[in-house]
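Residue-level structure breakdown
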Amino acid sequence: MGWIRDWRLRAQQEADLKEEIRTNLAIGKAEQMAGGKTPAEADRAARLEFGNLTSTEEAVREVWGWTRLETILQDMRFGARKLRKTPVWSAIVILTLALGVGMSTAIFSVVHGVLLQPLPYPEPDRLMAISPTATQKNKDQKSKEWFNPNPALWTYWREHLTRVEDIALTRPVVNFNLTGDGEPERLQAARITFNVPEVLRMRPIFGRTFSEDEQRADAKVALLSHALWNRRFGGDPAIVGRKIQLNGEPFEVIGVMPPDFRYPTASFEIWAPLYLPPSAIGHGYNFGYLCVGRLKPGATVEQAQGELSAAMRQIALEHPSAYKQGQDWMGGLIEPLAQNQASKIRPTLYLLTAAVACLLLIGCMNLAVLLIARASGRAREIVVRVALGASAQRIRHQLLAEAVPLGLGGAALGVAVAWWMLSILKPLLPADMPRVESISLNPTAFAFATIVSMAVVILASLVPARLTTAPALGSRSVTGSSGVRDWLVAAQVALALILLFAGVLFARSFAALLDVSPGFSSQGVLTMHLAVSRAKFPKDEQISAYYSRLIEAAKAAPGVLEAGIVNRLPLSGIMQTGGVEFEGLDNAILVDWRTATPGYHAALGIPLKLGRWFSDSDGADTPVVGLIDEAVAKRVFGDRNPVGTRFRWQGPPGQVNDDPWTEIVGVVGHVHNDSLESDPRPQVYCLRAMPLVDGQIAAAVGAVDIGLA
Amino acid sequence: MPPPDKIEVLQGTLDLLILRTLQWGPQHGHGIGQAIRSKSGELLLIEHGSLYPALHRLQREGWIESEWGVTQNNRKRTGIGIAIRQRTRNPRRRSRCSRFLKGAKFYRLTETGKSQLAVEESKWKLFVKAMSRTMRPQE
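Remember, it's a predicted structure, so these values are computed and weren't measured experimentally.

**Describing the overall build of chain B**
In terms of helices and strands, chain B carries six helices and three strands. Of the regular secondary structure in chain B, the N- to C-terminal order runs α-β-α-α-β-α-α-β-α. Within the span of chain B, comprising 139 residues, buried residues form 37% of the whole. Once local pairs closer than 6 in sequence are excluded, the contacts in chain B between residues at least 24 apart make up 72%. For chain B, the accessible surface area stands at approximately 9300 Å², while carbon and sulfur atoms represent 53% of it.

**Quick word on the overall build of chain A**
Within chain A, the secondary structure is distributed over 20 helices and 21 strands. Among the 709 residues that make up chain A, the fraction classed as buried is 46%. Here the analysis covers contacts within chain A between residues at least 6 apart in sequence; of these, 76% occur between residues at least 24 apart. Accessible surface, chain A: about 34400 Å² in total, of which carbon and sulfur atoms supply 60%.

**A word on the interface of chain B and chain A**
Chain B puts 25 residues into the contact, and the matching count from chain A is 21 residues. With both sides pooled, the region where chain B packs onto chain A buries about 2100 Å², and carbon together with sulfur makes up 56% of that total. It is B:His30, B:Tyr52 and B:His56 that lose the most area in chain B upon contact with chain A, and together they represent 26% of the buried surface on that side. The interface formed by chain B and chain A includes one salt bridge. A salt bridge links A:Glu20 to B:Lys105; its shortest N-O distance comes to 3.8 Å. Counting the contacts that link chain B with chain A gives seven residue pairs in polar contact (both at pLDDT 80 or more). Elements supplying a minimum of two residues to the side of chain B that touches chain A: helix H2 (29-39), helix H3 (48-61), helix H5 (91-101) and strand E3 (103-109) of chain B.

**A closer look at unusual backbone geometry**
For residues besides glycine, phi is generally negative; the peptide bonds are generally trans as well. All names here are of chain A. A cis amide bond links Tyr263 with the next residue in sequence, Pro264, at an omega value of -5°. Mapped onto the secondary structure, Pro264 falls in the loop between strand E8 (249-256) and strand E9 (270-273). Positioned with a positive phi, Glu123 is a non-glycine residue whose angle comes to about 45°. Within the fold, Glu123 resides in the loop between helix H5 (87-116) and strand E1 (127-138). The backbone of Asp218 shows a phi angle near 55°, a positive value even though the residue is not glycine. Relative to the assigned elements, Asp218 resides in the loop between helix H8 (212-216) and strand E6 (221-224).

**A closer look at the side chain of A:Asn195**
All names here are of chain A. Locating Asn195 in the fold gives a position in the loop between strand E4 (185-192) and helix H7 (196-200). Classification of Asn195 by relative accessible area gives buried; the value is 1%. A polar contact is formed between the side chain of Asn195 and the side chain of Asp166, at a distance of 3.0 Å. If we skip the residues at most four places from it in the chain, Asn195 touches Arg158, Asp166, Ile167, Ala168 and Leu169.

**Quick word on the pattern of salt bridges**
Residues and elements named next belong to chain A. This structure, assessed with the given rule, holds 25 salt bridges over all chains. A salt bridge links Arg201 to Glu165; the nearest nitrogen and oxygen atoms lie 2.8 Å apart. Residue Arg201 is located in the loop between H7 and strand E5 (206-207), and its partner Glu165 is located in strand E3 (residues 164-179); the two are separated by 36 residues in the primary sequence. By relative accessible area, which is 28% here, Arg201 ends up partly exposed. Among the salt bridges present, the one from Glu212 reaches Arg216, with a minimum N-O distance of 2.9 Å. One end of the pair, Glu212, and the other, Arg216, are both in helix H8, four residues apart, so they sit about a helical turn from each other. Look at Arg216 and you get exposed, because its relative accessible area is 58%.

**Looking at the pairing of strand E18 (residues 646-649) of chain A**
Both faces of the sheet carry side chains from a regular strand, because those side chains alternate between them. All names here are of chain A. Here three bridges tie strand E14 (residues 577-582) to E18, and the two strands are oriented antiparallel to one another. Among the inter-strand pairings, Val580 is bridged to a residue of E18, identified as Trp649. Where E18 lies against strand E19 (residues 662-668), two bridges are found, and the strand directions are antiparallel. Counterpart to Phe647 in the pairing with E19 is Thr662.

**With respect to the packing of helix H6 (residues 151-160) of chain A against helix H10 (residues 301-318) of chain A**
Residues and elements named next belong to chain A. At their nearest, the axes of H6 and H10 sit 11 Å apart, and the two run at 125° to each other. By the angle between their directions, the pair H6 and H10 is classed as oblique. Where H6 crosses over H10, the two elements pack in a sense that is right-handed. Where H6 abuts H10, its residues Leu153, Tyr156, Trp157 and His160 lie against Glu307, Leu308, Ala311, Met312, Gln314, Ile315 and Glu318. Counted by class, the contact of H6 with H10 contains seven nonpolar, two polar and two charged residues.

**Brief notes about the confidence of the model for chain A**
Note: predicted coordinates in regions of low pLDDT should not be interpreted at a detailed level. All names here are of chain A. Per-residue pLDDT for chain A averages 77, and the proportion of residues at 70 or more is 80%. The secondary structure element of chain A with the lowest average pLDDT is strand E21 (residues 700-706), at 44, and the one with the highest is E6, at 94. For the stretch residues 472-480, pLDDT sits under 50, and the model shows 13 contacts to residues farther than four places along the chain or on other chains. Contacts for the low-pLDDT stretch residues 689-709, under 50 throughout, to residues beyond four places or in other chains number 67 contacts.

**What to know about the nonpolar core**
Residues and elements named next belong to chain A. Ile130, Trp157, Leu161, Ile167 and Ile334 are the most contacted members of the largest nonpolar core, which has 27 residues in total. If you list the elements that add at least two residues to this core, you get E1, H6, E3, strand E10 (290-295), H10 and strand E11 (330-336). In terms of residue count, H10 provides more of this core than any other element does, five residues in total. Those residues in contact with Ile167, other than ones at most four positions away along the chain, are Ile130, Trp154, Trp157, Arg158, Leu161, Asn195, Val199, Cys291, Val292 and Gly293.

**Quick look at the packing of aromatic side chains**
Residue and element names in this part refer to chain A. Under the defined criterion, the tally for this structure stands at eight aromatic pairs over all chains. For the pair Trp593 and Phe647, a centre-to-centre distance of 6.1 Å together with 70° between the ring planes defines the contact as edge-to-face. Within this pair, whereas Trp593 is found in strand E15 (residues 589-595), its partner Phe647 is found in strand E18, the two being separated by 54 residues in sequence. By relative accessible area, which is 3% here, Trp593 ends up buried.

**A closer look at a positive patch on the surface**
On the surface, a cluster of positive charge is made up of A:Arg77, A:Arg81, A:Arg84 and A:Lys85. Structurally, A:Arg77 is set in helix H4 (residues 67-85).

**A look at H10(A)**
Its 18 residues give H10(A) an end-to-end C-alpha distance of 25 Å, which sits within 8% of 26 Å, the value for a rise of 1.5 Å per residue. Buried within H10(A) we find A:Ala304, A:Glu307, A:Leu308, A:Ala311, A:Met312, A:Ile315 and A:Ala316.

**Let's talk about helix H20 (residues 630-637) of chain A**
Buried within H20(A) are the following residues: A:Val632, A:Ala633, A:Val636 and A:Phe637. Relative to the axis of H20(A), the buried residues are bounded by an arc of 100° and lie together on one face.

**Observations regarding the environment of A:Pro122**
Residues and elements named next belong to chain A. Along the polypeptide, Pro122 turns up in the loop between H5 and E1. Judged by its relative accessible area of 38%, Pro122 falls in the partly exposed class. The spatial distance from the C-alpha of Pro122 to the C-alpha of Val199 is 9.8 Å, given a sequence separation of 77 residues. Beyond its immediate chain neighbours, meaning those up to four positions away, Pro122 contacts Leu200, Arg201, Met202 and Arg294.

**Remarks on the packing of helix H1 (residues 13-22) of chain B against H2(B)**
All names here are of chain B. Contact pair H1 / H2: the axes reach a minimum separation of 10 Å and the direction vectors enclose 100°. Put simply, H1 runs roughly perpendicular to H2. Judged by residue contacts, Leu17, Ile18, Thr21 and Leu22 of H1 engage Ile32, Ala35 and Ile36 from H2. Looking at the contact of H1 with H2 residue by residue, the class counts come to six nonpolar, one polar and no charged.

**What to know about the environment of B:His30**
Residues and elements named next belong to chain B. Looking at the element boundaries, His30 is found in helix H2. Of the residues examined, His30 reaches a relative accessible area of 3% and is grouped as buried. Sequence separation of His30 and Leu51 is 21 residues, and the distance between their C-alpha atoms is 9.2 Å.

Reading guide: rules and limits
- Residues numbered from 1 in each chain as written.
- Chains lettered and ligands numbered in written order.
- Predicted model: local features only at pLDDT ≥ 70, side-chain atom pairs only at ≥ 80, totals over all residues.
- Heavy atoms only, no water.
- Helix = DSSP H or I, 4+ residues; strand = E, 2+ residues; numbered from the N terminus.
- Buried < 20%, exposed > 50% of the residue type's maximum accessible area, 1.4 Å probe, protein only.
- Contact = heavy atoms within 4.5 Å.
- Areas by Shrake-Rupley, 256 points an atom, 1.4 Å probe, with all protein chains shown as cover.
- Buried area = accessible area lost by both parts, 1.4 Å probe.
- Salt bridge = Lys/Arg side-chain N within 4 Å of Asp/Glu carboxyl O.
- Polar contact = N/O pair within 3.5 Å; in protein donor to acceptor, adjacent residues only side chain to side chain.
- Pairing = 2+ DSSP bridges.
- Axes fitted to C-alpha atoms, helices over the stretch in contact; angles between N-to-C directions.
- Parallel < 35°, antiparallel > 145°, perpendicular 65-115°, else oblique.
- Left-handed = near helix turned anticlockwise from the far one by under 90°.
- Nonpolar A, V, L, I, M, F, W, Y, C, P; charged D, E, K, R; others polar.
- pLDDT = per-residue confidence, 0-100.
- Core = buried A, V, L, I, M, F, W, Y, C linked by side-chain atoms within 4.5 Å.
- Phe/Tyr/Trp six-rings, centres within 6.5 Å; stacked < 30°, edge-to-face > 60°.
- Patch = residues over 30% accessible without salt bridge, like charges linked within 9 Å, V, L, I, M, F, W, Y side chains within 5 Å.
- Lys, Arg positive; Asp, Glu negative; His and termini not counted.
- Charge placed at Lys NZ, Arg CZ, Asp CG, Glu CD.
- Expected span 1.5 Å × (residues − 1).
- Arc of directions from axis to C-beta.

Next up, the structure:
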């Protein structure tokens, strides 16, 4: 209980000091009276001689040593009392702080998670996405757009790119139906080459990865994601070596990948060997893969890009039958993987960051104005304090004692605001936004925002301390510091204007987005994904029959008006593109290529503009029929009627083409397939299934329209 | 430039002045200030703002000690010839007592204070010697 004794000792010391000063004053007064002065005069003279009582006491207390903590406590109490006296003002300051800190932290956390945070793999800077590019002619403007590579390019790149250590190939659009223990589940899966884990430098936490031989032999082995392993198999390490049923075939689980292994994205839960039959490796077709490569240590992106461009030219030379010569039809692009994944969302996020920086700045200025305005009002009080013997330092401490609780309160509330904003922001982010899973409250961003606003609070609240300097006391009137305030107000107005304009622009482009008609109606439409097992239906006709039964069953359900199937739903984030050429026209264009059943367009409310729909009588024996959208019709045929003409799959650069012609039977409405913001390609629809190279029926999608009575 | 009528106490010499003053016997703060003033021929004016902290500092160093006593005036008037050390622990009561007794806090040199004074004094003399030698006009 040492401190109790100290405290009592301290109280005694304090009384002693008071008494000492009092008696010494009395002695001084007595002496003055002995000199012949009246008591009042003597008292005054003695006090004058003594000087400032308070500062003398303070100086003595300083000698006692333990005043620091005590004065801080006293100042804090004083500060809190002052703040309580002006609750509205205090609340406004704290709220301003909290909003500034909270909002900027939240937005920056998103930006950091999506753009800045390195990928969770070792040496992420060396990971590169490699893809071919095509020149797009869009209203006289030429632009290079990357598209997905194919196995032939991968093979060539792997052999010829010397700056790249290794390149792995992934086929992301593979659906596995997991059956067996528990509910059947559709899993998003990827077929990967054996070297994907090696390129990413990831090792399974249990078991092993598969070998090149296993990949070549199309071994029925699978790697599980950490999430799937926990969710479906209870995190049991004994799963390794067990067989699971995927699309009706037994696959042996050979390993469980760590949580950080999220390739191509976090939604992938299972990986199996990518079997590439010779027919899959050919130039000019089968573009539906992803390439990730790891640069050799010390190699730069520019070097690799140079090599890649040269390789692409070489490919064209070596395959004159597959590629047009002398044209820059197909190039190559190598860019950091993180950048590639976030390439679409980046400009928006940068804009947001700038807006938030503006917001933080305005918040800080608001704070400064609030604090300085209050400080000017207190000039008189401070001058009186100084006159009563408060040292400049003591005044500063007192002002700080008021500012610090404000700052701390604001920061604490700021965390809450940031957390809350993130929790409502995350579900609102576009579903196809990459790396959403890596967004979390960023401590660095929070620290930065807090420090900046705390600094503003502290600096602004110290402004009145300038009044304690001699000239301010002596000559100036005590209204003070209006110059600083004027500047702040002017700067603030300017910034607010900038933000206002930016906000208006934002709102306008957002409204424009809302105005964009996607080309279909999602109202009352239910969708589901399914994968058809080749093990169960080895022949194409069997699959067609299965689909027919499925559509019949869906239509038979009460309330269902229309039902149809398409291989890729609009806005689903999965692309399937290709070039088409038209009979008798030298006018090839890049389009979204879709395979659909007769009821699909009606179910999604896509209007028919010309000609007729697919009908059930279109079959294997009748001419192959297709639909084009109005955008294709306008671009290729202008005012002429396209119905009755024919088109076919063109394949990239000048592939020698023996693809059969497809007759255009109708023109349908245009649909936004990629996103509402961008609309790069028109569409064509084919009734007949595309020749799928490795026998994979990709995501078949049912769309049913349920009448809502 | 006319010579100043008051000079400020040099940094670090206040301790020496206080110790030296207390050599002639116990004294209270006001008395110490007055003594320095008169002994210096009204040239050294000690501010209370620095005197009191210095007294408390020296006390903490153990060079001086303090006790509550009665001033000479009171002694004459009341005839109480001895310094009364208030032993009451309750500060309020004690200050009431001392007010009643017109007592004041007296400082007195301790034994270590005396030797410290000797040290400081010789240091001071050396300093003065050095200063005057340095400042002496060169032939």
